[in-house]
Amino acid sequence: MKISTREVEYVAHLARLEITEGEKEKFTSQLNDILLYIDKLNELETQGVEPMSHAIGVTNAFREDKVIDSIGTEQSLINAPDARGEFFRVPKVID
Amino acid sequence: MEFNQSTIHELQEKIKNGSVTASQITESVFSRIDAVEERVHSYIRLMKENALAAAKKADEDIKKGDIKPLTGIPIALKDILCTKGITTTCGSHILHNFVPPYNATVVEKLTAAGAVFVGKANMDEFAMGSSTETSWFGPTRNPWDLERIPGGSSGGSATAVAADECIASIGSDTGGSIRQPAALCGVVGLKPTYGRVSRFGLIAFASSLDQIGPFTKDVEDCAIMMNVLAGYDPKESTSVNAEVPDYRQFVGRDIKGWKIGIPKEYFIEGIDPEITAAIQQAIKVIELCGGVCVDISLPHTQYCVAVYYIIAPAEASSNLARYDGVRYGFRAADVRELLEMYKESRRQGFGAEVKRRIMIGTYALSAGYYDAYYKKASQVRALIKKDFDEAFKKCDVILTPTTPTPAFKIGEKTDDPLQMYLSDVFTISTNLAGIPGISVPCGYSTSGLPIGVQFLASHFEEGKLIQIASAYEKNAKIEKRRPAL
């Protein structure tokens, strides 16, 4: 076993996903299959290999520090499930 | 031939000599949609009113002699591209009501080139899938056999072109999502070099792999579309400020003396014999065109799927953290506090495959596992890219099958994620290395399913891909069939 049901529960919490008992079992089994498959990477010696994070040799892409038009508050709130005034409204965070 | 069956370049000629109007073309596309869409389900949303208005405007421009590269050409957009004022869902319940306040850069570019947008094409949820079965809006069916999948994730973009429900379309490709459905639906699909086409307004899946590209009915149309799509965008910091050639100049040129690399790792056990036969035939055609085939090796090929299924989910778990029910999209009702709102909105908003990938990615990036998974995968990714760097010292272009099998049955792989992932075995390496790849139709199986051949070139060598694909298309003389719908 690469990953236990308890770990699946913990990872779901980290990912802010509510999962059902049925999903827990299914995910545990499927994630195990996938992680076992991924284990084949350990056949390879990679000591000293620089990890690749970008396909093209582009580093920092800077632009001039100039104010340009943005979409503004009204447009930013247009898709909000619950907006009030200039804010996104959410359920309470603390009692 | 009906207008909706024509290519961009054929229609351009007809528009220029006045034998067709933009309105007639758009109407022919929508009458085809009326006839077949219920069975194929290429689209999540049709934009008929906008399209007819845009076509009318195009006809006014044409009268004034103002004809741009795509004036009056009906184009479908994968529903992963933001369209201002038009719902953009990414195939997901969590974005079912999202109306973007801005356009993706490619949408702006296509509009400026005169395109008429037909609708938003169906796709796997958040582009995660190889069959377009994970769409919250239901599956798309392969027009060549309605019992089969069209490939994915850009399945709707592929079928819209294959079923003549548009003239060309736009998709996105993170691990094969343009080339694999193009092959399975018998159309041309190109994934450009990472950085060639701006992704501003493309809903992010795996940011180090995602790229936008066209689906077309032939290679010349692919060149026409690339002329519109390619180029630097200051709004997209990974887009590359490099010169863009006129891709149309590569159409019709010969490939005499070109070295074509045949990687032995792509001709392995498990490939459908009909695919192998079609690819062997394609190799013969390339040799008749004057190409010289050379054996090459891409030794880390067998690790590509494993690397991809760490890197793509890891990036996705981060990119999809933004769907929390706060600023846009679906929010669960009847929740008492914030954490519960996040968890419930995401539980109800995401489908099983998206959850699975978020889970893999979160696990791979979590404390204690980062080195074992993400770092290891990024190191092997470097080795995969090096394989290609070495290969392109020995050849101009690489030739491979696009897929290991023709289109599989709907439901065949939905319960076995790993088998589904393995259907991308020949397309994933391209995204990991950031190089461009094209799939071109190369024949049919005995049961009449399309097969595709894939050509790969070095970074920013899309011109070479157009050139060899065009030479192949001209000399292979693949019988032009249309799906019997």
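Whatever comes next refers back to the structure up there.
Rules used throughout
- Per chain, the residues get numbers from 1 upward, laid out in the order the sequence is written.
- Chains carry letters and ligands carry numbers; both start at the beginning, A for chains and 1 for ligands, and go up in the order they are written.
- Where totals are concerned, whole chains, interfaces and linings use all residues; where local detail is concerned, this predicted model gives features only for residues with pLDDT of at least 70, and gives and counts side-chain atom pairs only at 80 or more.
- Heavy atoms throughout the structure, all of them, feed into the side-chain values; hydrogens and water do not.
- The helix and strand labels rest on DSSP assignments: H or I over at least four residues marks a helix, E over at least two residues marks a strand, and numbering proceeds from the N terminus.
- Here the globule rule reads 2.2 Å times residues to the power 0.38, and the radius of gyration is calculated from C-alpha atoms.
- A simple rule labels every residue: compare its accessible area, found with a 1.4 Å probe on the protein chains alone, to the largest value its type can have, and call it buried under 20%, exposed over 50%, or partly exposed in between.
- Contacts were defined at the residue level, with two residues in contact if any of their heavy atoms lie within 4.5 Å.
- In short, Shrake-Rupley with a 1.4 Å probe defines the accessible areas, and a residue's cover is counted only from the protein chains shown.
- Under this rule, positive means Lys or Arg and negative means Asp or Glu; His and the chain ends count for nothing.
- A charge is said to be at NZ when it belongs to Lys, at CZ for Arg, at CG for Asp and at CD for Glu.
- Each pair of strands is called paired provided DSSP finds at least two bridges between the two strands.
- For the handedness criterion, the strands are oriented away from the viewer, and a crossover whose path from the first strand over the helix to the second runs clockwise is classed as right-handed.
- Using a 1.4 Å probe, buried area is obtained as the accessible area two parts lose upon being combined, added over both of them.
- Three categories are distinguished: nonpolar for Ala, Val, Leu, Ile, Met, Phe, Trp, Tyr, Cys and Pro, charged for Asp, Glu, Lys and Arg, and polar for the others, with Gly belonging to the last.
- Note on geometry: axes are C-alpha line fits, over the in-contact stretch for helices, and angles between N-to-C directions span 0 to 180 degrees.
- Only one rule defines a salt bridge in this text: a Lys or Arg side-chain nitrogen within 4 Å of an Asp or Glu carboxyl oxygen.
- Any pair of N or O atoms that falls within 3.5 Å is considered a polar contact. Within protein, one atom must be able to donate a hydrogen and the other to accept it, and sequence-neighbouring residues count only if both atoms are side-chain atoms.
- Roughly parallel means an angle under 35 degrees; roughly antiparallel means over 145; roughly perpendicular covers 65 to 115; every other angle is labelled oblique.

Focus: the overall build of chain B
Right, so step 1: Within chain B one finds 15 helices and 11 strands.
Right, so step 2: For chain B, the C-alpha radius of gyration of 21 Å lies close to 23 Å, the compact-globule estimate for 485 residues.
Right, so step 3: Counting across all 485 residues of chain B, residues that qualify as buried make up 67%.
Right, so step 4: Taking all contacts inside chain B whose residues are at least 6 apart in sequence as the whole, residues at least 24 apart take part in 75%.
Right, so step 5: Surface summary for chain B: the accessible area is close to 16,000 Å², and the carbon and sulfur share equals 49%.
Right, so step 6: Computed over 54 positive and 57 negative side-chain charges, the inter-centroid distance for chain B is 3 Å.

With respect to the pairing of strand 8 (residues 292-296) of chain B
All names here are of chain B.
Right, so step 1: Relative to strand 8, strand 7 (residues 259-263) is paired through five bridges, and the arrangement is parallel. Counterpart to I262 in the pairing with strand 8 is D295.
Right, so step 2: Handedness of the β-α-β unit built from strand 7, helix 8 (residues 273-288) and strand 8 comes out right-handed.

Some details on the interface of chain B and chain A
Right, so step 1: With 67 residues of chain B at the contact, the number on the chain A side is 52 residues.
Right, so step 2: A combined buried area of about 5,300 Å² lies between chain B and chain A, and 70% of that area is made up of carbon and sulfur atoms.
Right, so step 3: Of all the elements in the fold, those that place two or more residues in the side of chain B that touches chain A are helix 9 (304-319), helix 10 (338-349), helix 11 (352-365), helix 12 (371-394), helix 13 (417-422) and helix 14 (428-433) of chain B.
Right, so step 4: Per element, the largest residue contribution to the side of chain B that touches chain A is 11 residues, and it comes from helix 12 of chain B.
Right, so step 5: Looking at the side of chain B that touches chain A residue by residue, the class counts come to 37 nonpolar, 15 polar and 15 charged.

What about the sheet that holds strand 9 (residues 397-401) of chain B?
Residues and elements named next belong to chain B.
Right, so step 1: Strands sit in the order 1-3-2-4-6-5-10-11-9-7-8 across an open sheet of 11 strands; the sheet is mixed. What marks the edges here is a single partner per strand, and that holds for strand 1 (43-46) and strand 8. Mean inter-strand twist for the sheet, computed between neighbouring axes without regard to direction, equals 30°.
Right, so step 2: On top of the sheet, helix 12 reaches strand 7, strand 8, strand 9 and strand 11 (450-456); it is set at about 115° to strand 9, its chief contact.

Re the pattern of salt bridges
Right, so step 1: As enumerated under the stated definition, the model contains 24 salt bridges over all chains in all.
Right, so step 2: In this structure, the salt-bridge partner of D145(B) is R148(B), at a minimum N-O distance of 2.9 Å.
Right, so step 3: A relative accessible area of 23% places D145(B) in the partly exposed class.
Right, so step 4: You can call R148(B) buried: its relative accessible area is 17%.
Right, so step 5: For K385(B), the salt bridge is made with D389(B), and the minimal N-O distance between the two is 3.4 Å. Highlighted residues: K385(B) and D389(B), both in helix 12, separated by four residues, approximately one helical turn.
Right, so step 6: We classify D389(B) as partly exposed; its relative accessible area is 34%.
Right, so step 7: A single network of salt bridges, built from pairs that share partners, joins E9(A), E21(A) and K24(A).

A closer look at the side chain of T83(B)
Residues and elements named next belong to chain B.
Right, so step 1: Topologically, T83 is positioned in the loop between strand 2 (74-78) and helix 4 (105-112).
Right, so step 2: Within the structure, the side chain of T83 is placed 3.1 Å from the side chain of T88, a separation counted as a polar contact.
Right, so step 3: Filtering out sequence-adjacent residues up to four positions away, T83 remains in contact with L77, T88, P100, Y102, N103, V107 and K120.

Looking at the packing of helix 2 (residues 22-40) of chain B against helix 3 (residues 48-63) of chain B
Residue and element names in this part refer to chain B.
Right, so step 1: It is at 7 Å that the axes of helix 2 and helix 3 come closest, and there the two elements cross at 155°. Overall, the two elements helix 2 and helix 3 adopt an arrangement that is roughly antiparallel. Of helix 3, the residues touching helix 2 (which contributes A22, S23, T26, E27, F30 and D34) are K48, A51, L52, A55, K56, A58, D59 and I62.
Right, so step 2: Class assignment of the residues belonging to the contact of helix 2 with helix 3 gives a composition of seven nonpolar, two polar and five charged.

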